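Each chain, written out:
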Amino acid sequence: MAETGKTLNFNIGVLGHIDSGKTSLAKALSSTASTAAFDKNPQSRERGITLDLGFSCFTLPAPERLRTSGYNSLQCTLVDCPGHASLIRTIIGGSQIIDLMMLVIDVTKGMQTQSAECLVIGEIACQKMVVVLNKIDLLPEGKRQAAIEKMTKKMQKTLENTKFQGSPIIAVAARPGGPEASETETAQGVPELIQVTKKVRTMQMFHKPVGSAMQGDRVGICVTQFDPKLLERGLVCTPDSLHTIHAAIISVKKIPYFRGSLHTKAKFHITVGHETVMGRVMFFSPAPDDFDKDPPEQGLDFEKEYLYQEEYLSKDSKSSDTNEESSQVGEGRLPKQQWALLEFEKPVTCPKLCLVIGSKLDTDIHANTCRLAFHGVLLEGLEDKNYAESFLPKLKVYKQKHKEGQVERVNDDFSVIGRALFKKETNIQMFVGLKVKLSTGEEGVIEGTFGQSGKYKIRIPNGLQADTKQLLTPSSKKKSKAGKGDTAASTGTNKEDEGKAETHPVLINLWFKRYVFDPHKKMIQSR
């Protein structure tokens, strides 16, 4: 919160579906416009749509509770956001500097695709919202009030399961008669809307002399002897407040309206600060024993171990099919917090703890589906271009592994020879010393290779049980086969059926974990 003379300033985002009347509403409310207000961009006028953020403002007498703090006026800056689906990047960028959101709905059409996406963005980036039912002048006069009440009830139901439940809903006609009507037509419902916006605070420098500015302020800067054509859109900041990063670790939550799963290694459009770049994602969660524990308040604890996830864990996820350890925690158990490693295709510049949104912006813009997939907060930005070697080994994310082989034969009373646990090309030395368990109950330790065909020797410290030895003794197998052969002869079965009737093999089970970013690729015993 900051003071400019005796005026308190705050930002109001104007969001909604294309052609819902956002710019007309901003114009009806505003008393002062900036150089970027009301679609002054020539391309915007040519195409008839908003292409970039627009800024304008109006000023009100401060309410009594602000007067006691020394303010005598309240300045509202309107941030007019584009409504076209292809400009979602700009909408997300604008949403990060607003404190109150006005969701503009065409009362003749109700919620539309981009209306829903704007509502999702508002839930992520904003705490307060006002719903504006615009274009009420297009409703038949005799049925107008009934139609407004019906749409109001629909919107109330839509907001029931969001943080904006109970938000004010105001009906207006920002441009009576539509775009072709005379601009002298008086807007309807605007005074009622202004009364609602008095409840929210923020700060914005706007056509007034100020000595300082902060994030979200609309300020004009005079720079002498400077060609503005040489300046592209960028960021102005205090020293060390922004960092250029190549990857990031974020807290992550799936947006419930996004259809489908969030898979590790998938690519998303990642919006960080005011930039949107392509990035690859890897999800991870606490170890199953820590699923029910509250996440650390100060970012990520690098002393703890984390479980690699093939996908973001949710009620409808299928991670239990692909990640054995997560399947063992039981259905219905989900971690209180999950994280993601984002690796960007090109570096981005952003502040710490900023909002991050992942989207699928290449989805058909005409499809009736939410393109926003997940959101989170940037916890750790990786500035080193070689972060894979310098930083990631500190992140103890592991994969739970299970291998199954078979006992080929008994070596002696305290050892067996196994097969089918490793591929021929596997370096078995990496597994030497790891414990295994036979399906007959004995526990053993991998001692080393046996021959050149991927076989290995297992030591059984407590010795083989008599039943196991008998099961694995060649003579018992022959007797078993001979008995089966007699049965086959007596019943008339053929040799193919006889082969299928062999005894069950003794299985060898190995459980271990491997740290994803361990440069040495060590195998660690897990049970």
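Rules behind the numbers
Residues numbered from 1 in each chain as written. Predicted model: local features only at pLDDT ≥ 70, side-chain atom pairs only at ≥ 80, totals over all residues. Heavy atoms only, no water. Phe/Tyr/Trp six-rings, centres within 6.5 Å; stacked < 30°, edge-to-face > 60°. Helix = DSSP H or I, 4+ residues; strand = E, 2+ residues; numbered from the N terminus. Buried < 20%, exposed > 50% of the residue type's maximum accessible area, 1.4 Å probe, protein only. Lys NZ or Arg CZ within 6 Å of the ring centre and 35° of its normal. Arc of directions from axis to C-beta. Pairing = 2+ DSSP bridges. Contact = heavy atoms within 4.5 Å. Axes fitted to C-alpha atoms, helices over the stretch in contact; angles between N-to-C directions. Salt bridge = Lys/Arg side-chain N within 4 Å of Asp/Glu carboxyl O. Lys, Arg positive; Asp, Glu negative; His and termini not counted. Right-handed = clockwise from strand over helix to strand, strands pointing away.

Participant: Quick one: what's the story with the packing of aromatic side chains, residue by residue and with numbers?
Facilitator: Applying the stated criterion across every chain yields a total of 11 aromatic pairs. An angle of 20 degrees between the planes, with centres 6.0 Å apart, marks the rings of Phe284 and Trp339 as stacked. Residue Phe284 is found in strand E10 (residues 275–286), and its partner Trp339 is found in strand E12 (residues 338–350); the two are separated by 55 residues along the sequence. Each member of the pair Phe284 and Trp339 is classed as buried. Relative to Tyr456, the ring of Phe422 has its centre 5.4 Å away and its plane inclined at 75 degrees; by these criteria the two rings are edge-to-face. Taken as a pair, Phe422 in the loop between strand E16 (415–419) and strand E17 (435–438) and Tyr456 in strand E19 (residues 456–459) lie far apart in primary sequence, 34 residues in all. Residue classification places Phe422 among the buried residues on the basis of a relative accessible area of 8%. Assessed through its relative accessible area of 0%, Tyr456 is described here as buried. Aromatic ring contacts, followed pair by pair, group Phe268, Phe283, Tyr312 and Phe374 into a single cluster. Looking at Lys360, its charged tip hangs above the ring of Phe268, at a distance of 4.7 Å from the centre.

Participant: Explain helix H1 (residues 22–29) to me, using residue names and the numbers behind them.
Facilitator: Among all positions of H1, only Lys22, Thr23, Leu25, Ala26 and Leu29 are buried. Seen along its axis, H1 keeps its buried residues to an arc of 160 degrees; they face one direction.

Participant: Could you give an account of the sheet that holds strand E5 (residues 100–106), naming the residues involved and the relevant values?
Facilitator: An order of E2-E3-E4-E1-E5-E6-E7 is seen for the seven strands of this open sheet, with the pairing classed as mixed. Each edge of the sheet is formed by a strand with only one pairing partner; in this case those strands are strand E2 (32–33) and strand E7 (169–171). Judged from the seven bridges that link them, E5 and strand E6 (residues 128–134) form a sheet pairing that is parallel. Considered in E6, the bridge of Leu103 is made with Val131. Relative to E5, helix H5 (residues 113–125) is tilted by about 170 degrees, and along the sheet it contacts strand E1 (7–16), E5 and E6. Helix H6 (residues 144–159) contacts E5, E6 and E7 of the sheet and is inclined by roughly 150 degrees relative to E6.

Participant: Got a sec to walk through unusual backbone geometry? Specific residues and values, please.
Facilitator: One non-glycine residue, Lys265, lies in the positive phi region at around 80 degrees. As for its placement among the helices and strands, Lys265 is situated in the loop between strand E8 (243–254) and strand E9 (267–272). Within the chain, Ala420 stands out as a residue other than glycine whose phi angle is a positive 65 degrees. As for its position among the elements, Ala420 is in the loop between E16 and E17.

Participant: Lay out the pattern of salt bridges in plain terms, naming residues and giving numbers.
Facilitator: Any two side chains of opposite charge can pair if their charged atoms end up close together. Under the counting rule described, the total for this entry stands at 11 salt bridges. With a closest N to O distance of 2.8 Å, Glu345 and Lys267 form a salt bridge. Separated by 78 residues along the polypeptide, Glu345 in strand E12 and Lys267 in strand E9 bring together distant segments of the chain. The class for Lys267 is partly exposed, based on a relative accessible area of 36%.

Participant: Which residues make up the side chain of Lys399, and what are the values?
Facilitator: Mapped onto the fold, Lys399 is located in strand E15 (residues 397–412). One buried charged residue, Lys399, forms no salt bridge at all, with the nearest opposite charge on Glu310 at 5.2 Å. Setting aside residues up to four positions removed in sequence, Lys399 forms contacts with Tyr308, Phe512, Lys513, Arg514 and Val516.

Participant: Talk me through the environment of Pro295; I want residue IDs and the actual numbers.
Facilitator: Tracing the chain through its elements places Pro295 in the loop between E10 and strand E11 (306–309). Apart from residues no more than four positions distant in its own chain, Pro295 is found in contact with Lys336, Gln337 and Trp339.

Participant: Let's hear about the pairing of E5: which residues, and what values?
Facilitator: Burial runs high along E5: seven of the seven residues are buried. By the alternation rule, side chains of E5 split into Leu100, Met102, Val104 and Asp106 and Met101, Leu103 and Ile105, which are all buried. Here five bridges tie E1 to E5, and the two strands are oriented parallel to one another. Opposite Gly13, over in E5, you have Met101 as the bridge partner. What joins E5 to E6 is H5, and the crossover it makes is right-handed.

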